[in-house]
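Overview (structure and organization)
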Amino acid sequence: MRMARQPIHRAVGVFAAAAMLIACDSPTGAGSEFAEVRFLTGPADVTAGSTITPAIQVELLGADGSRVSDATVEVTVRIGANPGGGRLSGTTQVTSVGGIASFSDLSIDKSASGYTLWASLGELRDTSAAFAITPGPPDHLAFVAQPVADTARTTLAAFVIEVQDQLGNRIEGAADMVTVALGDNPGAILFHASGSGAVNRVLQYVDPLTPEVLPAISVSPQSEIAGMTRDATTGNLLAVDVGTELLQIDPLTGAVSTIGNHGVLPLRGLAWEQGGAGRLLASQPHVNELYELNPTTAVATLLGSLDIANDSVLGINGLATDPTDGTVYAIVRLRDNLDRKKRDLVTIDLNALSATRVGTLSEDGVASLAFYPNGTLYAATGDGAPNPESLWRVDKTDASMTLIVPMGDGDDGEAIACVPAHLGGTLSVAASDGVALFADLMIDAPADGYTLIATASGLTAAVSLPFSIIRP
C-alpha cells in the first residue's frame, strides 16, 4: 500500500510554525541562549508594607556564565517560602535592561521570618536567600478571639486582644496595658433599698428576668432610703432618705456619701427628666408639688403644683422616665382614692405641670417605679402594703400589675432604681508579646447585643462583635 504524500510546501510551513513557537518559548537575546537567572541583589529584611530596599535585581547569564548584557526580556518575581501568608505587592514582572531586571517597588504585608522569593524566566528559576518581614509600629487593638454567648454571672470564655500594626501584624514584645469595658449595654438589674428597722441597711441586687434576688450590699446610712435614681454621669445612685438628705451611693460597694441637705421634708420620688439628662426631679408623697434638685449641691427649687383633670392630686410617691420615649410616669394619690394605700399611675407633662391618668394600680401600697432599658416598667410595694417589698411589672396602658418576686423583709423597703449591666473581673491586662488574655470577666444581666470596647494608650480602640448573655 502506498502512502499519500503531503505537498512539500505544506510540510515546510508546519516546521516553520513550530520553529516560531520554540523561539517564543525560549528566552534569548541577540542570538544568545540564556542558561541561568540569578539574584544579583536579594531582598533585605524590611517592615511589613514598606518597599523592599535596596531594589531587588535579577541577573541574566549565558551558557558561559557571563551576563547577557543585550537581553531585553520579561523576568518575573513571586513569593517562594511564605511563612506569614503574606501578599507580594508591586510590579512583579519587569523588562531587563543590560541583562539586569530591577524590581524597585515590591512589598509584603504580613510579618514573619523565613520568606524567600523566586525569580523566573521561562523554565529558569533562582531562589533568594531567606529574609524577614517585621511588624510596623503599634497602631491599633484587635479582637482575635471574640467574646461568645454565655450565662449571666458566670465567667465568660477567655478571649484575646492583640496589639497590631496598621496591616494587622501582631507587635511582638509590646507590653501595652489593655483595658476592656462594655460598649453596647442592653442589660440592666434593679437595685432595691431595704433594711430592718433603723439598722442593717442593704441594697439588694434584683434580676427581674430570672427572677432572682442576689446577695445584698451593706450601706451605711441609718435612715430609710425613700427614693433612688441612677446618675448616668457618675454611674452612682442618687437617693433621698426619709429626712432631708440627698445621698450618693456606689452601686458596687454600697459606699454612701452625703451631697447635701435639700430642706424639703419629705421627698420620695426621684427621676431624671430625660433618663439621665435634663433636670433631676423630686416629689413629695403628701402634697402635689414637684421640685428640681441640684445633683451636686442638693439645692431644691420648686417647679410648681401638679394638676389633673376632674380630680385633685394629694401626693406624688414614685417617679420614673421611660427611656424609649422620654415620658415621665408617676405614682399619685388622688382625691377619688382617699385610702392612702390606693394609688394611680399617671403620665406628667412637665411644661404644663399636668397629669394624665393611666389607671388605678391593681396593688395597694406601691411606693416606687423604675424602667428597664427596653421600656418595661417595674414597681415596688412599700412596707405596710398587703405584699410589702415585692417587685411587680406594670402595664403602661392600664396600670395592671404582675408579681415578679418578693424582695425584702417587709420593713422599710421603699425604693428601686435600674442600673445598667456591670462588667466584672480583671478589666486591665498587660499585653505580653502583643497579646492580652482576658480570662475572668463576667456580666451580671441577661440580654442580647452586648459589645466590648478594648482601649490602650495611643492606639485605636477595638470593638467586639455582638454577643448575648443568657439567663442562669
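Residues numbered from 1 in each chain as written. Predicted model: local features only at pLDDT ≥ 70, side-chain atom pairs only at ≥ 80, totals over all residues. Heavy atoms only, no water.

1. Points about the sheet that holds strand β40 (residues 428-430)
- Pairing in this open sheet of four strands is antiparallel, and the strands run β40-β17-β44-β45 from one edge to the other. Since the sheet does not close on itself, it has two edges, and those belong to β40 and β45 (462-463), each with one partner. (Pairing = 2+ DSSP bridges. Helix = DSSP H or I, 4+ residues; strand = E, 2+ residues; numbered from the N terminus.)

2. Digging into the side chain of D444
- Mapped onto the secondary structure, D444 falls in the loop between β42 (442-443) and β43 (447-450).
- The side chain of D444 is buried and forms no salt bridge, while R153, the nearest opposite charge, is found at 6.4 Å.
- A distance of 2.3 Å separates the side chain of D444 from the side chain of Y205, its partner in a polar contact.
- A polar atom in the side chain of D444 sits 2.8 Å from the backbone nitrogen of H422.
- Beyond its immediate sequence surroundings of up to four residues, D444 is in contact with A152, R153, I189, Y205, A421 and H422. (Buried < 20%, exposed > 50% of the residue type's maximum accessible area, 1.4 Å probe, protein only. Lys, Arg positive; Asp, Glu negative; His and termini not counted. Salt bridge = Lys/Arg side-chain N within 4 Å of Asp/Glu carboxyl O. Polar contact = N/O pair within 3.5 Å; in protein donor to acceptor, adjacent residues only side chain to side chain. Contact = heavy atoms within 4.5 Å.)

3. A closer look at empty space enclosed by the protein
- One pass over the full model with this rule turns up one cavity of 30 Å³ or more.
- By volume, the largest cavity is sized at about 40 Å³.
- Along the walls of the largest cavity sit G227, M228, R268, G269, L270, G318, L319, S368, L369 and I416, which together make up its complete lining.
- Counting only elements with at least two residues in the lining of the largest cavity, the list comes to β21 (225-230), β25 (269-272), β30 (313-321) and β34 (366-371).
- Tallied by class, residues from the lining of the largest cavity come to five nonpolar, four polar and one charged. (1 Å grid on protein atoms, 1.4 Å probe; cavity = no way out; pocket = protein on both sides within 12 Å on 5 of 7 lines; lining within 4 Å. Points joined across faces, edges and corners; volume = space filled by probe spheres on them. Nonpolar A, V, L, I, M, F, W, Y, C, P; charged D, E, K, R; others polar.)

4. Let's talk about unusual backbone geometry
- In the segment running from T53 into P54, the intervening peptide bond is cis, with an omega of -5°.
- Residue P211 follows T210 across a cis peptide bond; omega there is -20°.
- Looking at the secondary structure, you find P211 in the loop between β19 (199-207) and β20 (212-218).
- Positive phi, normally seen in glycine, also occurs at R153, with a value near 65°.
- Within the fold, R153 resides in the loop between β15 (150-151) and β16 (159-164).

5. Here's the deal with the environment of R153
- Between the C-alpha atom of R153 and that of P472, which follows or precedes it by 319 residues, the distance is 7.7 Å.
- Leave out the neighbours within four places in its chain, and R153 touches I189, D207, T210, E212, L214, M442, I443, D444 and P472.
- Separated by 2.6 Å, the side chains of R153 and E212 make a polar contact.

6. Quick look at the nonpolar core
- Residues L141, I161, V178, M228 and F438 are the most contacted members of the largest nonpolar core, which totals 46 residues.
- Beyond its immediate stretch of four places on either side in the chain, V178 contacts L141, I161, L427, S428, V429, A431, A436, F438, A454, T455 and A456.
- In this structure, L60, V73, V94 and I108 belong to the second largest nonpolar core, which totals 28 residues. (Core = buried A, V, L, I, M, F, W, Y, C linked by side-chain atoms within 4.5 Å.)

7. Some points on the sheet that holds strand β22 (residues 237-241)
- Taken in spatial order, the four strands make up an open sheet running β21-β22-β23-β24, and their pairing is antiparallel. Pairing within the sheet leaves two strands with one partner each, and these edge strands are β21 and β24 (256-261). Taking the axes of each pair of neighbouring strands and ignoring which way they run, one obtains an average angle of 25° across the sheet.
- Here five bridges tie strand β23 (residues 245-249) to β24, and the two strands are oriented antiparallel to one another. Directly across from I249, in β24, lies its bridge partner V256. (Axes fitted to C-alpha atoms, helices over the stretch in contact; angles between N-to-C directions.)

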